[in-house]
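Close look at the chain arrangement
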Amino acid sequence: MDNQSCVKIINEWDIVSARQLGRNVAKELGFGTVDQARITTAISELARNIFLYAGQGQICIEKMYESGKVGLRIISIDKGPGISDIRQVMEDGYSTSGGLGAGLPGVKRLMDEFMIDSNPGEGTDIQATKWLR
Amino acid sequence: MDFRRSMESKYRELLTSYLKGGSEQALYQSQKFSRNALERNIPPEEMVSLHKNLMIELFPDDFTAEMQESFDILLEVMVGYGFAYREHQNLKHIQQELRTEMEIAANVQQTLLGTEVPCVDGMDIGAISVPAKHMNGDYFHFVKDENNSVSIAIADVIGKGLPAALCMSMIKYAMDSLPENRKSPTVVLENLNRVVEQNVDLTMFITMLYGTYNTASHCFSYASAGHEPGLYYDATQDEFSELPAKGLLLGIDKKTKYREYEKEVMPGDMIILMSDGVTESRTEEGFIERETLLSLIKKYLHLSAQGVVQNVYKELEKLQDFQLRDDFTLIILRRKV
Amino acid sequence: MNININVNNNETLTEVTVNGEIDVYTAPKLKEELIPLSEKENVDMIVDLSGVSYMDSTGLGVFVGLFKNVRAHEGSFKIIGLSSRLQRLFEITGLADIIDISGKMEGEIR
């Protein structure tokens, strides 16, 4: 699909590539510098989770055009251990203990929409979208 | 959105006025501005961005490309701070909720464990129990029976706060279910010991002193399960002595047997019972000495039993700089002259 | 947290030295480190508390737990180096009658 590009996350340098991809797309869509920095921070957090806890996975950046709105969607997919208690990782304070899913509530706050799907043993899918205002 | 627009012009004002004269006035206004911005949850990265854009606008020629780009680094760093700041905001909100919940729980506990200091002919009784935090792990309970004798239980659950309070509710329930006619101190403790032994965590235990004051014979019979020893005040000699009591904590060994002790109480004399929150009171210099406690009790002897316990608590609270390390319970039974 | 736990595990003996204050904040750490040690069959455990300046009832609870575990696993448990204040705590609670706190070091007997 033309509107979507992906970066495989295997080592720490791939986090930088994912950020770069996200920043380029964000700039192209017309996001300001503050939102660019928020989007890249969200990408960093998601990619770090993959790198540290899932081993490998990928970050895809998708341009969104929906009923006149323009947006950017980060899609994070891994086949790692998964999260058994999603409610718990979405609670603030959990991130301070580190571990899988750390920082997800923060990512949710940086973006406008957030969706997570995870099954233990199967992996985790996360989609986070920011709309251009 | 309105605030954001006015925020921009307000910040521009501050910036230009300061750049003109470098006045303290402008800096003070900036501090007030930040309070306003914080109230409206403006994250730090937005402030950096605002600053950068105003600089470009105010100094289109002198604000070089390098200077502008340097702000990208600052912005990126501030997003990190903003990330933490928003989490902090949310945690503050959660903490507020928890506090409210604890306050409600403390009220429920008050109702559940509530006991009234009984009025008994020929006796003057005072009691105070103050939790170190919201919930009390200390417990005391009075029961006055038809023969005008008074039973009293004072107990302390290990630790404090919510876990201790939950455990206390279990003790209260177990005490209520003991058969009416079998309330000798040793029987009470042996029964409770079995309940605690079966129901609590490995490292959990409870201390308790249970006694019955017979108002006809003025004899206080009691038994202790590892509880802080009580004191006896002899009014004619003006002297304190420890009430002897040996017995293992509740919840260690289900076969534990307790021994009953008796003390005859003379007119004007007092039985003083307490939790270890009293003897373990700590100040900057160290533990409060037993002598300090005794002299405090003596200082207020002229008051009613309730007056004594309240004033002793007040003084110990002050000595500890108003920070209780442990739940505090003090009870006085005085035989009237 | 203001506590230091040192475990010396040799074949026959588990020697534990604790330094600092044992209260509601440090007791969980003590519990986490020592309880697993007490779950071995026939464990022979000596805890030296001569470096402990303060212990509250939560700390006492940890030792109660250790003692119960060791007893359940048919081992032996001994506490040495109690200050007079801690000694009083063990006596009041009746624990002095069931836990060996006599204070003699194993090495001194040999």
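Every value quoted in this text rests on a predicted model; they were computed, and no experiment measured them. (Residues numbered from 1 in each chain as written. Chains lettered and ligands numbered in written order. Predicted model: local features only at pLDDT ≥ 70, side-chain atom pairs only at ≥ 80, totals over all residues.)

With that settled, the discussion passes to the overall build of chain C. A count of helical and extended segments in chain C gives four helices and four strands. Starting at the N terminus and walking to the C terminus, you meet the elements of chain C as β-β-α-β-α-β-α-α. With respect to the three principal axes, the spread of C-alpha positions in chain C is 30 × 25 × 25 Å. Relative to its full complement of 110 residues, chain C shows a buried share of 38%. (Helix = DSSP H or I, 4+ residues; strand = E, 2+ residues; numbered from the N terminus. Buried ≥ 20, exposed ≤ 12 C-beta atoms within 10 Å, placed from the backbone.)

Glancing now at the interface of chain B and chain A. Between chain B and chain A, the contact holds 13 residues from the first and 10 residues from the second. Within the residue set of the side of chain B that touches chain A, elements represented by two or more residues are helix 3 (44-58) and helix 4 (65-113) of chain B. If you tally residues by element for the side of chain B that touches chain A, the top one is helix 4 of chain B, at 10 residues. Across the side of chain B that touches chain A, the residue classes tally to five nonpolar, three polar and five charged. (Contact = placed C-beta atoms within 7 Å. Nonpolar A, V, L, I, M, F, W, Y, C, P; charged D, E, K, R; others polar.)

Attention shifts here to the pairing of strand 4 (residues 113-119) of chain A. Residue and element names in this part refer to chain A. As judged from the seven bridges shared by strand 4 and strand 5 (residues 123-131), these two strands associate in the antiparallel manner. What sits directly across from Glu113, in strand 5, is Thr129. From the end of strand 4 to the start of strand 5, which pair antiparallel, there are three residues, and Gly121 there has a positive phi angle of about 85°. (Pairing = 2+ DSSP bridges.)

Residues and elements named next belong to chain A. Taking 1.5 Å of rise per residue, 18 residues should cover 26 Å, and helix 1 (residues 12-29) covers 27 Å from first to last C-alpha, within 8% of that figure. Taken together, the buried positions of helix 1 are occupied by Ile15, Ala18, Arg19, Gly22, Val25 and Ala26. The buried residues of helix 1 occupy an angular sector of 135° when projected down its axis, which confines them to one face. Exposed residues pointing more than 90 degrees away from the buried face of helix 1 are listed as Trp13, Lys27 and Glu28. Tucked inside the fold, the buried residues of helix 1 contact strand 1 (4-9), helix 2 (33-54), strand 2 (57-66) and strand 3 (69-78). Positive phi shows up at Gly30, right after helix 1, with a value of about 100°. (Expected span 1.5 Å × (residues − 1). Arc of directions from axis to C-beta.)

Attention now goes to the environment of Ser102 of chain C. Considering the arrangement of structural elements, one finds Ser102 of chain C in the loop between helix 3 (84-92) and helix 4 (106-109). Once the C-alpha coordinates of Ser102 of chain C and Gly81 of chain C are considered, the two residues, 21 residues apart in sequence, prove to be 9.0 Å apart.

Here we come to the arrangement of the chains. Looking at the two pairs of chains with contacts, the pair that accumulates the most is chains B and C. The least C-alpha distance between chain A and chain C, which are not in contact, is 16 Å.

Looking now at the sheet that holds strand 5 (residues 219-225) of chain B. Residue and element names in this part refer to chain B. The strand order 2-3-4-5-8 describes an open sheet built from five strands, whose pairing is antiparallel. In the strand order of this sheet, the two ends are held by strand 2 (138-144) and strand 8 (261-264), each with one partner. Here the strands of the sheet are splayed against their neighbours by 15° on average, with no regard to which way each runs. (Axes fitted to C-alpha atoms, helices over the stretch in contact; angles between N-to-C directions.)

It is worth spelling out the interface of chain B and chain C at this point. In this assembly, 19 residues from chain B lie in contact with 17 residues from chain C. In terms of residue class, the side of chain B that touches chain C is made up of eight nonpolar, five polar and six charged.

Quick look at the nonpolar core now. Core analysis: the biggest nonpolar cluster contains 90 residues, and Ile154, Leu192, Ile206, Met208 and Ile331 of chain B have the highest contact counts within it. When residues of this core are assigned to their parent elements, the largest contribution, seven residues, is made by helix 2 (residues 57-72) of chain C. For Ile154 of chain B, the contacting residues outside a window of four places in its chain are Phe140, Met208, Leu209, His227, Leu273, Ser275, Thr329 and Ile331 of chain B. Among the nonpolar cores identified, the runner-up in size contains 26 residues, and Ile9, Leu72, Leu104 and Ile126 of chain A belong to it. (Core = buried A, V, L, I, M, F, W, Y, C linked by C-beta atoms within 7 Å.)

For any two helices packed against each other, the geometry is given by the interaxial angle and the distance between the axes. All names here are of chain B. Viewed as axis vectors pointing N to C, helix 1 (residues 2-21) and helix 2 (residues 24-39) meet at an angle of 160°, and their least axial separation amounts to 9 Å. The orientation of helix 1 with respect to helix 2, classified from their angle, is roughly antiparallel. When the axes of helix 1 and helix 2 are compared, the crossing they make is left-handed. Facing helix 1, whose interface residues are Met7, Lys10, Tyr11, Leu14, Ser17 and Tyr18, helix 2 presents Ala26, Leu27, Gln29, Ser30, Phe33 and Ala37. Residues of the contact of helix 1 with helix 2, tallied by class, amount to eight nonpolar, three polar and one charged. (Parallel < 35°, antiparallel > 145°, perpendicular 65-115°, else oblique. Left-handed = near helix turned anticlockwise from the far one by under 90°.)

This part covers unusual backbone geometry. Positioned with a positive phi, Asp238 of chain B is a non-glycine residue whose angle comes to about 55°. Note that Asp238 of chain B resides in the loop between strand 6 (231-234) and strand 7 (239-242). Even without a glycine there, the phi angle at Glu74 of chain C is positive, about 55°. Mapped onto the fold, Glu74 of chain C is located in the loop between helix 2 and strand 4 (76-80). Owing to 9 C-beta atoms within 10 Å, Glu74 of chain C belongs among the exposed residues under this scheme.

On to the confidence of the model for chain C, then. Residue and element names in this part refer to chain C. This prediction gives chain C a mean pLDDT of 86; 92% of its residues lie at or above 70. Every residue in residues 106-110 is under pLDDT 50, and counting partners more than four places away or in other chains gives three contacts. Confidence estimates for the predicted assembly give a pTM of 0.70 and an ipTM of 0.82. (pLDDT = per-residue confidence, 0-100.)

Let us look at the sheet that holds strand 1 (residues 3-9) of chain C. Residue and element names in this part refer to chain C. Overall, mixed pairing links the four strands, which are arranged 1-2-3-4 in an open sheet. With partners counted over all chains shown, the strands left at the sheet margins are strand 1 and strand 4, one partner each. Across this sheet, the average inter-strand angle for adjacent strands is 15°, counted without regard to direction. Both strand 3 (residues 44-55) and strand 4 contribute to a ladder of five bridges, which runs parallel.

Residues and elements named next belong to chain B. One way to put it is that helix 4 packs onto helix 5 (residues 161-176) with a least axis distance of 11 Å and a crossing angle of 20°. On the basis of the axis angle, helix 4 is roughly parallel to helix 5. In this structure, the crossing between helix 4 and helix 5 has a hand that is left-handed. Where helix 4 approaches helix 5, its residues Gln109, Leu112 and Leu113 are matched on the opposing element by Ala165, Met168, Ser169 and Lys172.

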